[in-house]
Structure formats: C-alpha cells, structure tokens
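# Coordinate analysis (summary)
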Amino acid sequence: MVAATVSGLRSLDDLPFDNRFTRDLPADPSAERRRRQVEGAAYSRVAPTPTAAPRTVAWSPEVAALLAIPEELCRSDDFAAVFSGNRVPRGADPFAMAYGGHQFGTWAGQLGDGRAIALGEVLDRDGGHQILQLKGAGPTPYSRTADGRAVLRSSVREFLCSEAMHHLGIPTTRALSLVTTGDQVVRDVLYSGDPAPEPGAVVCRVAPSFTRFGTFQLPASRGDLDLLRALVRTTIAHSFPHLSGGEAPSDADLPELVPVWLTEVVERTAALVAHWMRVGFVHGVLNTDNLSITGLTIDYGPYGWLEGWDPMWTPNTTDAAGRRYRYGQQPQVAHWNTVQLANALLPLLGDDPATLQAAVDRFPDAYEAALQPLLAARFGWNGWRDGDEDLVAALHEVLGRSEIDQVLFHRDLADVPVDLAVDATPDGPRLRDPADRHRLLDPLADAWYAPDEIAGDTAEALVGWLLRWAERARAGGLDDEARRRSMDAVNPRYVLRNYLAQEAIDAAEAGDAALLHDLLDALRRPYEDQPGRERFAARRPEWARHRVGCSMLSCSS
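Residues numbered from 1 in each chain as written. Predicted model: local features only at pLDDT ≥ 70, side-chain atom pairs only at ≥ 80, totals over all residues. Heavy atoms only, no water.

Within the chain, Arg144 stands out as a residue other than glycine whose phi angle is a positive 55 degrees. Tracing the backbone through its elements, the reader meets Arg144 in the loop between β7 (129–135) and β8 (150–151). The backbone of Arg323 shows a phi angle near 50 degrees, a positive value even though the residue is not glycine. Tracing the backbone through its elements, the reader meets Arg323 in the loop between β12 (304–305) and α9 (330–345). Judged by relative accessible area, which is 29%, Arg323 ranks as partly exposed. (Helix = DSSP H or I, 4+ residues; strand = E, 2+ residues; numbered from the N terminus. Buried < 20%, exposed > 50% of the residue type's maximum accessible area, 1.4 Å probe, protein only.)

Below, the discussion takes up the packing of helix α6 (residues 213–221) against α9. Packing of α6 against α9 brings their axes to within 8 Å, and their N-to-C directions diverge by 40 degrees. Comparing the axis directions of α6 and α9 gives the class oblique. Between α6 and α9 the crossing geometry is left-handed. Residues Phe213, Phe216, Gln217 and Ala220 of α6 pack against Asn337, Thr338, Gln340, Leu341, Ala344 and Leu345 of α9. Taken together, the residues of the contact of α6 with α9 break down into 6 nonpolar, 4 polar and no charged. (Axes fitted to C-alpha atoms, helices over the stretch in contact; angles between N-to-C directions. Parallel < 35°, antiparallel > 145°, perpendicular 65-115°, else oblique. Left-handed = near helix turned anticlockwise from the far one by under 90°. Contact = heavy atoms within 4.5 Å. Nonpolar A, V, L, I, M, F, W, Y, C, P; charged D, E, K, R; others polar.)

A side chain with one charge may pair with a side chain of the opposite charge, provided their charged atoms come close. Inspection of every chain in the model, using the stated rule, returns 46 salt bridges. With a closest N to O distance of 3.3 Å, Glu121 and Arg20 form a salt bridge. Here Glu121, found in strand β6 (residues 116–123), pairs with Arg20, found in helix α1 (residues 20–24); they are 101 residues apart in sequence, far enough to count as distant. For the pair Glu121 and Arg20, one class covers both residues: buried. Residues Lys135 and Glu158 are paired through a salt bridge, measuring 2.7 Å at the closest nitrogen-oxygen approach. With Lys135 in strand β7 and Glu158 in helix α5 (residues 152–167), the pair connects residues that are 23 residues apart, well separated along the chain. Its relative accessible area of 13% is what places Lys135 among the buried residues. Residues joined by salt bridges that share partners form a network here, namely Glu307, Glu403, Asp405, Arg497, Arg540, Glu542 and Arg545. (Salt bridge = Lys/Arg side-chain N within 4 Å of Asp/Glu carboxyl O.)

It is worth spelling out the pairing of strand β5 (residues 106–110) at this point. Direction of pairing for strand β4 (residues 100–103) relative to β5: antiparallel, over a ladder of 3 bridges. Looking across to β5, one finds that Gly100 is bridged to Gln110. The antiparallel hairpin formed by β4 and β5 contains 2 residues in its connecting segment, where Phe104 sits at a positive phi of about 55 degrees. (Pairing = 2+ DSSP bridges.)

See below:
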C-alpha cells in the first residue's frame with residue numbers, strides 16, 4: 001500500500017487503515033462480548049461501547065502530526081466521538097488482543113485486552129503502521145469480572161507519561177488523546193473495601209505493535225503450536241522485517257530464525273530497562289503481559305519516579321510485601337521475563353533449548369553494554385572505563401545516607417566545579433582549601449530533603465565522592481562545556497513526578513485542564529531549563545510524602 005503522505009486529513013474517515021494484524025492472524029469465531037476463554041485466536045473482534053458525553057481534554061500535537069490529523073480535526077466533536085469509541089471510523093476493524101502472562105511470578109492464564117480495544121492499524125505520515133488503541137473503551141471477552149472502563153485519574157497518568165517518556169528518549173507507546181466520557185466509574189483505589197465513583201476517561205494509545213511476551217505464552221501454555229507459529233511468523237514480518245526480508249517466514253525457517261529473533265528481543269528489552277534505570281523510572285508491574293515484544297515501555301499503571309535514592313522502592317501497593325518490582329530489581333525481573341518468553345518458544349525448536357538459552361543469556365551483557373555509555377554521559381565522563389562501576393556504587397552508598405533527590409542531584413552535578421585545588425592522599429584526593437567544600441556542595445543543595453543531615457560524616461563522604469568524580473571527569477579530557485552538554489543531554493530537569501501528575505489529576509477532576517496542558521508542554525523539553533517552570537523541577541513537597549496517588553498507587557484504574 002502507498003504510504004500516507006498527505007499533509008492533513010479532511011475527515012477521520014480518511015484515516016488510511018491497513019489492518020494487518022486482523023488480516024494476517026486468526027480471529028475468534030464468536031462475536032459474543034461475554035467474558036470467556038478464547039482459544040485458537042489471536043484476537044476477538046469487538047466494538048467499543050459508547051459513552052454518555054465524550055469531551056476532548058487534551059491531545060498530543062506530535063502524535064496528531066505523525067498521524068496527519070490537523071488541529072482543526074483534533075478540536076472537533078467528531079474527534080471526541082471517535083477517540084472515545086462512540087463512533088467507529090470508516091476502514092477500522094476494532095479488536096481486542098488475546099494474551100496470557102505471569103503476574104508477580106505466577107502463571108495467570110488468559111488475560112487479554114480487558115478494557116483496551118484497538119480501532120485498527122493506520123499508515124502514518126512516514127508510511128509506518130500505527131495501531132490506534134482505546135484504553136477504557138468498554139468490556140471485551142477478556143474483561144473477566146471488570147467493566148472495561150478507565151477512570152480519569154489513571155488516564156491522565158497514562159497520557160502524560162507516554163508522552164513524557166518519548167521526549168526523554170525512552171522507547172514507549174504514545175498517547176494521541178485524552179477524552180472524558182461523562183460517565184462515572186466505580187473503583188476501590190487501594191483495594192481497601194471503600195469503592196467510590198470517579199469520572200471516566202479514554203486514552204488513545206498509539207504504537208506500531210501492542211504484542212507482548214504473554215501473547216506467545218498463552219498459545220504455548222495450551223499446546224496450540226499452529227497459533228504460536230502464526231504469531232511468531234506475523235510478528236517477525238510486521239515488526240522485525242529485517243530478519244526475514246519483509247516477508248513472513250515459513251514454518252521451516254523458524255528453528256533457525258527464532259533464536260536470532262529472540263536475541264534481538266532480549267537486547268531491546270535490556271536497552272529499555274537501562275534507560276529506565278538512567279532516569280529512575282519504576283514501572284511498578286513488570287508482569288510478562290506488560291513487556292512489549294518490540295522493546296517499548298507499555299502499560300502505564302502504578303509507575304513512579306525514584307526521588308530519594310532507595311533501590312528497594314516500589315510505587316505499587318500491591319507489590320509492597322514482596323517488592324518484586326522495586327527499582328533495583330527491574331533488570332533481574334526483565335531477564336526472568338525473557339526466560340519465560342523463551343520457554344514459550346521452545347516447542348518451535350523441537351525441545352532443543354541450547355540456542356534459546358544462549359539468547360536469554362545475552363541479557364546481562366546487553367544490559368551493561370546499554371547502561372555503561374548512559375552512565376558515562378550522565379557523569380560527564382568521556383566513555384566508560386574499568387573501575388567506574390566502583391565509583392558509581394560509592395555514590396549510591398553516599399546517597400543512601402540521607403534523603404537526597406536523585407533527579408536533582410544528577411542534573412545539578414554538572415554545576416559542580418572539577419578544577420579545585422586538591423592534594424593526593426592515601427585515602428584519595430583532599431581539598432587544599434577546606435573552604436572550597438561549599439563550592440562542591442552548594443550547587444547540589446536543592447537536592448537535600450533534610451539539609452541538616454548534610455553535615456559531619458555524611459558531608460565528608462559527599463565531598464570525598466565529589467572529588468573522586470571530579471578527578472575522573474578531568475581524566476576523561478572533556479572541557480567544561482562539553483562535559484555539561486553530555487550531562488544535561490541525559491540528566492533530565494523535568495520528569496513526571498507522581499505529585500505533579502496528582503496535581504494535574506485533581507485540577508482535571510475539578511474541570512480545569514490548564515495544569516495538565518502546562519505540565520505536558522514542560523515535559524516536551526525535559527532536558528532544557530525552562531524559566532518560569534521551576535515548580536515542575538522541584539523536590540517532592542512534604543504533603544505528597546504519604547498521599548494516595550503520590551506515594552501510594554495501585555493497579556485500580
């Protein structure tokens with residue numbers, strides 16, 4: 001099909017649908033919406049359920065431009081109707097995907113799109129395929145006991161974080177629009193036995209693929225090798241065409257091709273997690289059904305940003321006991337998830353695990369290969385050297401001595417001078433003039449949650465580490481300007497802190513979306529200092545320390 005190169009659509013009925021997923025894979029033969037086990041099918045055709053009074057709250061100009069949707073259409077009533085699910089545009093083929101997954105390490109069986117309904121796939125302005133998926137569009141056969149809806153609270157978080165992650169340079173699904181429905185949705189925010197109505201909303205998520213690890217696990221768990229082969233062939237053809245010449249491989253090709261494909265999946269996943277660790281992002285619910293086969297961040301639920309340095313922190317209250325998905329455990333969990341994917345693919349190789357084992361064994365090396373250049377840039381070092389890991393570990397020990405905002409610390413580290421006079425001692429460099437310690441510490445003062453604690457041994461440990469860092473920075477050979485550029489390009493000034501998202505939610509629930517729009521605009525340029533928007537870069541305020549939505553989150557949405 002010819003790529004869509006028009007400058008803008010005249011109508012949403014002109015969206016250039018090319019529904020490869022539903023065309024190339026087997027469908028559920030039943031059109032029933034009732035909750036049930038769906039076998040032998042990659043998806044179920046199901047239409048969105050209309051809502052009472054859809055109204056567009058926000059849209060992403062960048063995603064609209066990618067889809068060639070002009071601003072006047074984004075402002076139209078039809079835009080709200082289509083992207084709430086009230087009207088299905090011409091050429092769409094709505095469907096919900098089938099998949100399974102391990103949840104918190106335990107096999108959960110069939111899961112599937114319980115409240116996400118894809119309108120179909122369209123060609124974007126560059127000729128690439130993008131699936132338009134409505135999250136919160138009503139029940140599907142995979143909804144189990146749920147209502148298929150989403151609340152404004154979680155929808156604001158998904159909309160903002162999808163776009164924030166993209167502008168941070170982290171692979172992610174995108175968000176085209178946020179539409180309120182005019183309906184009330186009952187949710188129990190912390191599963192405490194106190195459900196309450198909340199305003200409903202729908203987010204249009206956009207991605208080349210929403211296929212997950214669990215997509216392959218479900219047919220494998222049922223012994224449905226025909227469906228498993230079809231999913232693998234189609235996924236390679238659609239999302240990894242360079243591995244097969246753009247065509248779906250034959251069944252005979254799979255024993256040789258699957259290990260190569262899995263290796264790339266492992267490497268993409270490792271690189272993705274390295275980016276999460278760089279910025280302090282904690283996904284919160286890294287089940288196998290929440291990992292993208294194409295290496296995108298997917299499913300923004302009880303996520304959070306690491307503020308004070310605490311590798312044990314998890315934003316998900318459901319994970320509070322075991323902390324399986326804590327910040328510091330994310331690489332290990334992602335690696336474990338790739339093993340579960342490999343187990344699902346094993347029947348395609350005649351039960352010979354050697355090549356698949358080699359693929360998943362790539363994860364630790366792939367992760368370090370992705371992380372080390374990011375860390376070198378983060379600290380202003382010209383490349384990664386042996387021994388740098390010890391200096392990074394030493395910083396983490398120092399940061400753990402007091403509550404220190406890691407986002408601000410890393411960003412403001414670029415302002416710490418590296419040319420102070422020092423003397424070499426057996427214990428490392430020491431300031432020649434003790435008065436210079438203020439020149440080291442003062443640029444970082446905005447990061448202190450408890451300034452009184454940055455004294456005594458803690459202050460001395462920080463000074464000692466900063467001197468070692470400065471020595472390493474000088475050895476790297478970058479001048480001050482190059483070092484600052486390197487650091488500022490990977491250390492964001494603005495991230496979507498939970499309290500900022502909650503403030504935007506509170507205002508939006510009261511009918512005022514101005515803060516949401518202002519925050520979205522700030523997050524478009526996360527690496528730039530933006531005068532007048534300092535509040536979006538500030539430490540978490542004390543009122544947010546224990547507030548629901550700021551420090552306590554759940555999968556309830």
